[in-house]
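Structural overview
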Amino acid sequence: RVLLCGETDRVADYYRLADGFLLSSLTEGWSLAMNEAMYFQLPLILTDVGGASDVIENGDIGILVPPAFSDPLEVSAANLWDYCTNRSPRNLDALAAAVVELHDELDLWKQKAKAGRRKVLERYDQRLVAERYQRCFEEVVYRHHGHLES
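To start, this report covers the structure provided alongside it. Predicted model only: the values in this text are computed from it and were never measured.

As a further point, take the nonpolar core. In this structure, Phe21, Met34, Met38, Leu44, Leu46 and Val55 are the most contacted members of the largest nonpolar core, which totals 15 residues. Taken together, the elements giving at least two residues each to this core come down to β1 (21-23), α2 (32-39), β2 (44-47) and α3 (52-55). Broken down by element, the residue count for this core peaks at 3 residues, all from α2. With 7 residues, the next largest nonpolar core counts Ile45, Val65, Ala98 and Trp109 among its residues.

Let us look at the sheet that holds β1. Within the open sheet, the 3 strands sit side by side as β1-β2-β3. Their pairing is parallel. Where the open sheet ends on each side, the last strands, each with one partner, are β1 and β3 (62-65). Geometrically, the sheet is characterised by an average inter-axis angle of 10° between neighbouring strands, direction not taken into account. Relative to β3, β2 runs parallel, the two being bridged by 4 bridges. Paired with threonine 47 across the bridge in β3 is valine 65.

Take the packing of aromatic side chains next. Within this structure, the stated rule accounts for 3 aromatic pairs. Taken together, a centroid distance of 5.4 Å and an interplanar angle of 85° make the contact between tyrosine 39 and phenylalanine 40 edge-to-face. Centroid distance tyrosine 133 to phenylalanine 137: 6.0 Å. Interplanar angle 25°. Geometry classified as stacked. Of this pair, tyrosine 133 and phenylalanine 137 both sit in helix α7 (residues 126-145), separated by 4 residues, roughly a single helical turn. The rings of Tyr15, Tyr39 and Phe40 are connected pair by pair, giving a single aromatic cluster.

All right, on to the layout of surface pockets then. To find the voids left in a structure, one rolls a probe of water-molecule size over its atoms. Volume-wise, the largest pocket comes out at about 900 Å³. In this structure, the largest pocket is lined by 22 residues; those nearest its centre are Arg1, Val2, Ala18, Asp19 and Gly20. Counting residues per element, the ones that place at least two in the lining of the largest pocket are α1 (11-17), β1 and α5 (92-104). In terms of residue class, the lining of the largest pocket is built from 16 nonpolar, 4 polar and 2 charged. Approximately 290 Å³ is the volume attributed to the second largest pocket. As for the second largest pocket, its lining consists of 13 residues, and the residues nearest its centre are Leu32, Asn35, Tyr124, Asp125 and Gln126. Elements supplying a minimum of two residues to the lining of the second largest pocket: α2, α6 (106-123) and α7. For the lining of the second largest pocket, the element with the most residues is α2, which contributes 4 residues. In terms of residue class, the lining of the second largest pocket is built from 8 nonpolar, 3 polar and 2 charged.

The next point concerns the pattern of salt bridges. One pass over the structure, following the stated rule, counts 8 salt bridges. Residues arginine 10 and aspartate 13 are paired through a salt bridge, measuring 2.9 Å at the closest nitrogen-oxygen approach. Two residues, aspartate 60 and lysine 119, come together in a salt bridge whose shortest N-O distance is 2.6 Å. One end of the pair, aspartate 60, is in the loop between α3 and β3; the other, lysine 119, is in helix α6, with 59 residues separating them in the sequence.

Parameters at a glance
- Going along each chain's sequence as written, the residues are numbered from 1 onward.
- Only residues with pLDDT of 70 or above have their local features reported here, since the model is predicted, and side-chain atom pairs are shown and tallied only from 80 upward, although totals for entire chains, interfaces and linings are computed over all residues.
- Side-chain metrics in this entry use all non-hydrogen atoms of the structure; hydrogen atoms and water are not considered.
- As used in this record, nonpolar core signifies buried Ala, Val, Leu, Ile, Met, Phe, Trp, Tyr and Cys residues forming a set joined through side-chain atoms within 4.5 Å.
- Accessible area is worked out with a 1.4 Å probe on protein chains only. A residue is then buried under 20% of its type maximum, exposed over 50%, and partly exposed in between.
- Going along the chain from the N terminus, every DSSP run of H or I of four or more residues is numbered as a helix, and every run of E of two or more is numbered as a strand.
- Two strands qualify as a pair provided DSSP detects at least 2 bridges between them.
- Here the axes come from fitting lines to C-alpha atoms, over the contacting stretch only for helices, and the angles between their N-to-C directions go from 0 to 180 degrees.
- Pairing of aromatic side chains here covers Phe, Tyr and the six-membered ring of Trp, requires ring centres within 6.5 Å, and sorts the geometry by plane angle: under 30 degrees stacked, over 60 edge-to-face, intermediate tilted.
- A 1.4 Å probe that fits but cannot get out identifies a cavity on a 1 Å grid over protein atoms alone, an open set with protein on both sides within 12 Å along at least five of seven lines counts as a pocket, and a residue lines either if it has an atom within 4 Å of a point.
- Grid points are joined across faces, edges and corners, and a volume is the space filled by probe spheres set on the points.
- Three classes are used: nonpolar for Ala, Val, Leu, Ile, Met, Phe, Trp, Tyr, Cys and Pro, charged for Asp, Glu, Lys and Arg, and polar for all others, with Gly counted as polar.
- Salt bridges are defined as contacts in which a side-chain nitrogen from Lys or Arg sits within 4 Å of a carboxyl oxygen from Asp or Glu.

The structure is reproduced here in structure tokens:
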């Protein structure tokens, strides 16, 4: 069953109701919604584009679905053609198979997805990311000026 709720400010409530999270993207490999789904321990189904394979490692917290196109230039050209001909450039058969697998093995995938919260807190917590950016910027300034100014 799928629930289309429209715009809401109760996002956390819907994550708590969900059995899984699907991000079918042609190019987006990372999103805040994916972090949120991991935090709420949802099994992920992601199109294997961008950094998706950095998130799902060997099926640990979800299923990677191969994209319909492997070449980014092919994606761009295909999008125009597919939108004009009302065909989808997504790998719908593989996405459907992943949804069926998640449904059929839901208890297993929910157990595996518990690692998603640990992963998002250890790697992608906004404070940690901000600290990494600060260190990176400080290193660039130090290399350019030879010292850090206060």
